[in-house]
Amino acid sequence: MRTTAVLLQAPGQLSLEQVGLKAPGPADVTVQIHHSGISTGTEKLFYTGAMPPFPGMGFPLVPGYEAAGEVVEAGPDADMPVGTHVFVPGANCYDGAFGLFGAAARIVTTTATRVTRIDAGLGASGALLALAATARHAIAGPGKAVPDLIVGHGTLGRLLARLTILSGAPAPTVWDIDPARRSGAAGYDVIDPATDTRRDYASIYDVSGQSALLPDLIGRLARGGEIVLAGFYTEPLSFAFPPAFMREARLRISAEWQPADMIAVRALVEAGDLNLADLITHTMPATQASDAYRTAFTDTSCLKMILDWNAA
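Description of the structure in this document.

1. Side note on the overall build of the protein chain
Thought 1: Per the secondary structure count, the protein chain includes seven helices and 18 strands.
Thought 2: The principal-axis extent of the C-alpha atoms belonging to the protein chain is close to 60 × 40 × 30 Å.
Thought 3: Here the protein chain, with 312 residues, has 50% of them falling under the buried criterion.
Thought 4: Summarising the internal contacts of the protein chain: among those between residues at least 6 apart in sequence, 67% fall at separations of at least 24.
Thought 5: Total accessible area on the protein chain is roughly 13400 Å²; 55% of this is exposed by carbon and sulfur atoms.
Thought 6: In the protein chain, the 22 positive side-chain charges and the 30 negative ones have mean positions that sit 5 Å from each other.

Structural data, given as structure tokens:
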């Protein structure tokens, strides 16, 4: 078996290629991908060569962890019928290429337990479930406080704000230095951080990925406040100890989503409470993958780029 896939041969060298597929096992499903998203966080770091050593990393590499498609073949132990529409968080199924995270391909094979059944009516927005689950994982669970300040109004920042409001908590303040990114808020304010004089935030969520902001964010905390690092950081994190000591500050790192997060956000989306479709600002055919990745990484108006695989 072979498939068409996005292949990153080396940093900056990306194209659409034919890649071999490993034979699926009895508990695997074969999924025909309809739509996949481009991450402007981790995928951009791979593309630019800025990603620090990461488990499973190597070249050539099939990227992508945001994909939605349809099961076209299922093993006898897969317990998932052909025709089921699913979200795919990635696949390590390639012969001669690393699958990190491996979802940017026309056909993927993976264990049935890794995919999530979704409503076919979600269309391209089904590929955004991973981001929604990531946002939910950051704010939900014992001992976690929802944000009253979110740094960054990209896709993840918007999802954090929406989930905060859906939880019944007060609307958060959101910072963004780009005037173009301050639009699209619903029920909360997005402001230029230079105009914000508050220094009593109890819970600050940073999704900017900018490690240099940490000292300033500590200075914005109330006593006993918490900073949640929900982005991905390539530079070492550092800060002066006295300001953090005086505020008795806490620091938490939010990691990958878990199955319970996916189940929760899928329910919100399918009930119509959480909208994902309006976060998709750009769509391009997968045959133009190279242009699509460049646009996703360089055009600040691009919140989420979707690759349409239906013509690949």
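Right, picking up where we left off after that structure.
2. Here's the deal with empty space enclosed by the protein
Thought 1: By the definition in use, this model includes one cavity of 30 Å³ or more.
Thought 2: Counted as a void, the largest cavity has a volume near 40 Å³.
Thought 3: Taken together, Leu8, Leu14, Glu43, Phe46, Tyr47, Pro63, Tyr293 and Phe297 make up the full set of residues lining the largest cavity.
Thought 4: For the lining of the largest cavity, the secondary-structure elements that each account for two or more residues are α1 (42-48) and α7 (289-298).
Thought 5: Looking at the lining of the largest cavity, the element that brings in the most residues is α1, giving three residues.
Thought 6: Across the lining of the largest cavity, the residue classes tally to seven nonpolar, no polar and one charged.

3. Remarks on the packing of helix α2 (residues 129-139) against helix α6 (residues 259-270)
Thought 1: One can describe the packing of α2 onto α6 by two numbers: an axis separation of 8 Å at closest approach and a directional angle of 115°. One element, α2, and the other, α6, form an angle in the roughly perpendicular class. Judged by the twist between their axes, the crossing of α2 over α6 is right-handed. Contacts between α2 and α6 involve Leu129, Ala130, Ala132, Ala133, Arg136 and His137 from the first element and Ala260, Asp261, Met262, Ala264, Val265, Arg266 and Val269 from the second.
Thought 2: Its residues assigned to classes, the contact of α2 with α6 comprises nine nonpolar, one polar and three charged.

4. Points about a nonpolar patch on the surface
Thought 1: Together, Phe241, Phe245 and Met246 line one region of the surface with nonpolar side chains, adding up to about 400 Å² of accessible area.
Thought 2: On the basis of relative accessible area, Met246 is assigned to the exposed category, the value being 58%.

5. Points about the packing of aromatic side chains
Thought 1: In this structure the tally under the stated criterion is six aromatic pairs.
Thought 2: Of note, Arg198 hangs over the ring of Tyr201, and the distance from its end group to the ring centre comes to 4.0 Å.

6. Focus: α2
Thought 1: Counting buried residues in α2 gives nine out of 11 residues, a clear majority hidden from the surface.
Thought 2: Of all the residues in α2, the buried ones are Leu129, Ala130, Leu131, Ala132, Ala133, Ala135, His137, Ala138 and Ile139.
Thought 3: On its buried face, α2 is in contact with β6 (85-88), α3 (155-166), β14 (201-206), β16 (250-253) and α6.
Thought 4: Positive phi appears at Gly141, one or two residues downstream of α2, with a value of about 125°.

7. Here's the deal with the environment of Glu256
Thought 1: Topologically, Glu256 is positioned in the loop between β16 and α6.
Thought 2: Residue classification places Glu256 among the exposed residues on the basis of a relative accessible area of 58%.
Thought 3: In sequence terms Glu256 and Met51 are 205 residues apart; their C-alpha atoms lie 17 Å from each other.

8. Things to note about the nonpolar core
Nonpolar side chains tend toward joint burial in soluble globular proteins.
Thought 1: Counting 84 residues, the largest nonpolar core has Tyr94, Val108, Leu276 and Leu307 as its most contacted members.
Thought 2: The element that contributes the greatest number of residues to this core is α2, accounting for eight residues.
Thought 3: For Leu307, the residues in contact, after removing those within four places along its chain, are Val6, His34, His35, Ser36, Ile38, Met284, Pro285, Ala286, Ala289, Ala292 and Tyr293.
Thought 4: Residues Leu149, Ile218, Ile227 and Leu229 belong to the second largest nonpolar core, which totals 13 residues.

Criteria and cut-off values
- Residues numbered from 1 in each chain as written.
- Predicted model: local features only at pLDDT ≥ 70, side-chain atom pairs only at ≥ 80, totals over all residues.
- Heavy atoms only, no water.
- Helix = DSSP H or I, 4+ residues; strand = E, 2+ residues; numbered from the N terminus.
- Buried < 20%, exposed > 50% of the residue type's maximum accessible area, 1.4 Å probe, protein only.
- Contact = heavy atoms within 4.5 Å.
- Areas by Shrake-Rupley, 256 points an atom, 1.4 Å probe, with all protein chains shown as cover.
- Lys, Arg positive; Asp, Glu negative; His and termini not counted.
- Charge placed at Lys NZ, Arg CZ, Asp CG, Glu CD.
- 1 Å grid on protein atoms, 1.4 Å probe; cavity = no way out; pocket = protein on both sides within 12 Å on 5 of 7 lines; lining within 4 Å.
- Points joined across faces, edges and corners; volume = space filled by probe spheres on them.
- Nonpolar A, V, L, I, M, F, W, Y, C, P; charged D, E, K, R; others polar.
- Axes fitted to C-alpha atoms, helices over the stretch in contact; angles between N-to-C directions.
- Parallel < 35°, antiparallel > 145°, perpendicular 65-115°, else oblique.
- Left-handed = near helix turned anticlockwise from the far one by under 90°.
- Patch = residues over 30% accessible without salt bridge, like charges linked within 9 Å, V, L, I, M, F, W, Y side chains within 5 Å.
- Salt bridge = Lys/Arg side-chain N within 4 Å of Asp/Glu carboxyl O.
- Phe/Tyr/Trp six-rings, centres within 6.5 Å; stacked < 30°, edge-to-face > 60°.
- Lys NZ or Arg CZ within 6 Å of the ring centre and 35° of its normal.
- Core = buried A, V, L, I, M, F, W, Y, C linked by side-chain atoms within 4.5 Å.

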